[in-house]
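Inside the fold
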Amino acid sequence: MLKCVEGRDDEIIEQCICDVARTVQKSLDIPLESIRIVVEEVSKNRFAVGDKLKSEV
């Protein structure tokens with residue numbers, strides 16, 4: 001599962017999914033069909049680095 005702050009274009013998320021799948025395939029030497037990837041987008045007011053919300057930065 002991949003988690004990221006919301007707001008990226010669908011095309012960027014789709015490219016990330018492809019890149020991650022291919023990296024996992026190569027690293028583990030397994031077929032692409034056996035890889036599952038879930039992208040969960042988190043709102044900026046629900047994601048923090050330290051005590052700073054991304055919505056404040």
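Quick look at the structure, then.

Each value, and the rule that gives it
- Residues numbered from 1 in each chain as written.
- Predicted model: local features only at pLDDT ≥ 70, side-chain atom pairs only at ≥ 80, totals over all residues.
- Heavy atoms only, no water.
- Helix = DSSP H or I, 4+ residues; strand = E, 2+ residues; numbered from the N terminus.
- Buried < 20%, exposed > 50% of the residue type's maximum accessible area, 1.4 Å probe, protein only.
- Contact = heavy atoms within 4.5 Å.
- Areas by Shrake-Rupley, 256 points an atom, 1.4 Å probe, with all protein chains shown as cover.
- Lys, Arg positive; Asp, Glu negative; His and termini not counted.
- Charge placed at Lys NZ, Arg CZ, Asp CG, Glu CD.
- Patch = residues over 30% accessible without salt bridge, like charges linked within 9 Å, V, L, I, M, F, W, Y side chains within 5 Å.
- Salt bridge = Lys/Arg side-chain N within 4 Å of Asp/Glu carboxyl O.
- Polar contact = N/O pair within 3.5 Å; in protein donor to acceptor, adjacent residues only side chain to side chain.

Scanning the protein chain from N- to C-terminus turns up 1 helix and 4 strands. In the protein chain, the succession of α and β elements from N to C terminus is β-α-β-β-β. C-alpha atoms of the protein chain, sized along the principal axes, occupy 40 × 25 × 15 Å. In the protein chain, buried positions account for 11% of the 57 residues. Sequence-distant contacts, at least 24 apart, represent 52% of the contacts inside the protein chain between residues at least 6 apart. By element, 51% of the accessible surface of the protein chain is carried by carbon and sulfur atoms, the whole surface being about 4,800 Å². Separation of charge centres in the protein chain, based on 9 positive and 12 negative side chains, amounts to 5 Å.

Together, Glu-6, Asp-9, Asp-10, Glu-11, Glu-14 and Glu-41 line one region of the surface with negative charge. Looking at the secondary structure, you find Glu-41 in strand 2 (residues 39–42).

Here Gln-15 lies in helix 1 (residues 10–28). We classify Gln-15 as partly exposed; its relative accessible area is 41%. Within the structure, Gln-15 has its side chain in polar contact with the side chain of Asp-19 (distance 2.8 Å).

In this section: the pattern of salt bridges. Throughout the structure, instances matching the rule amount to 1 salt bridge. A salt bridge links Glu-40 to Lys-3, with the nearest nitrogen and oxygen atoms 3.9 Å apart. Here Lys-3 lies in strand 1 (residues 2–5) and Glu-40 lies in strand 2, a separation of 37 residues in the sequence. Owing to a relative accessible area of 57%, Lys-3 belongs among the exposed residues under this scheme.

By themselves, these observations are geometric and do not establish any function.
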